[in-house]
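Descriptive analysis of the structure
Now for the letters of each chain:
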Amino acid sequence: MVAPQPTATRGDQSLGDRIRAYRKLRRLTLKQVAERVGVSEGFLSQVERGASGASVATLKLIAQVLGLAVSDLFSEGDLPGHRVLEAAHRPVIHAPGVVKYMLTQRPLQELEVLEGEFQPGASTGGAEYVHGDSQELVYVIGGTVSITLGSDTYTLKSSDSIEYRSSTPHSLTNIGDSPARILWIISPPSL
């Protein structure tokens, strides 16, 4: 027996309409998304037109390629325009000695922006990491940090910035004696 496929309609847009709208917002072609998801371009076109359903596993992959959570594909209403995110409602990410705040809200559109506070000696982790292949800019609001990009290491102080591809292995450490405040701007979002 074949499980039913999601074809839900929310607000004025069907699931396929929302996938198409987010794909175009990300300036991705049908072919690019289909290749990354591992489906044919024709199948993805059918999903966008509502002529075919997609499994939950396929929807997860589509959402991942578009930088979304699956739930974003089923959000009520139209794609958002002006959006306010009050400080009290910002999503927070905690790690040892680090607090990061999401300044952009889901579903992410063209930018992903985070603000972080690193206690002295705190870092993004013991190893360098990569995420997607986006343009990433780090701006030091206050403090002194060391950022490693591949085999290169840079020291950045208050009001310094550096940009790089998020596919470059990277890590950041507060090397100062006081908390460091950092701003990340990533385009397109690489979650």
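Since the model is a prediction, treat every value here as computed from it, not as a measurement. (Residues numbered from 1 in each chain as written. Predicted model: local features only at pLDDT ≥ 70, side-chain atom pairs only at ≥ 80, totals over all residues. Heavy atoms only, no water.)

**Points about the sheet that holds strand S8 (residues 152-157)**
Here 3 strands make up an open sheet; going across it, the order is S8-S7-S10 and the pairing antiparallel. Edge positions in the sheet fall to S8 and strand S10 (170-174), since each has one partner strand and no second. Direction aside, neighbouring strands of the sheet carry axes that sit 20 degrees apart on average. Of the strand pairs in this sheet, strand S7 (residues 144-149) and S10 are connected by 5 bridges, and their pairing is antiparallel. Residue pairing for S10: Ile-147 is matched across the bridge by Leu-172. (Pairing = 2+ DSSP bridges. Helix = DSSP H or I, 4+ residues; strand = E, 2+ residues; numbered from the N terminus. Axes fitted to C-alpha atoms, helices over the stretch in contact; angles between N-to-C directions.)

**Things to note about helix H1 (residues 15-25)**
Burial in H1 covers these residues: Leu-15, Gly-16, Arg-18, Ile-19, Ala-21, Tyr-22 and Arg-23. Following H1 by one or two positions, Arg-27 adopts a phi angle in the positive range, close to 60 degrees. (Buried < 20%, exposed > 50% of the residue type's maximum accessible area, 1.4 Å probe, protein only.)

**A few points about the layout of surface pockets**
In this structure, the largest pocket encloses a volume near 350 Å³. In terms of lining residues, the largest pocket is bounded by 14 residues, among which Arg-36, Val-65, Ser-134, Pro-188 and Pro-189 are the most central. Of the residues assigned to the lining of the largest pocket, the class counts are 6 nonpolar, 5 polar and 3 charged. Volume-wise, the second largest pocket comes out at about 190 Å³. What lines the second largest pocket is a set of 12 residues, and nearest its centre among them are Lys-100, Glu-112, Leu-114, Tyr-129 and His-131. Of all elements in the fold, only strand S4 (98-102), strand S5 (112-118) and strand S11 (180-187) reach the threshold of two or more residues within the lining of the second largest pocket. Taken together, the residues that form the lining of the second largest pocket break down as 7 nonpolar, 2 polar and 3 charged. (1 Å grid on protein atoms, 1.4 Å probe; cavity = no way out; pocket = protein on both sides within 12 Å on 5 of 7 lines; lining within 4 Å. Points joined across faces, edges and corners; volume = space filled by probe spheres on them. Nonpolar A, V, L, I, M, F, W, Y, C, P; charged D, E, K, R; others polar.)

Purely spatial values, then, with no claim about function.
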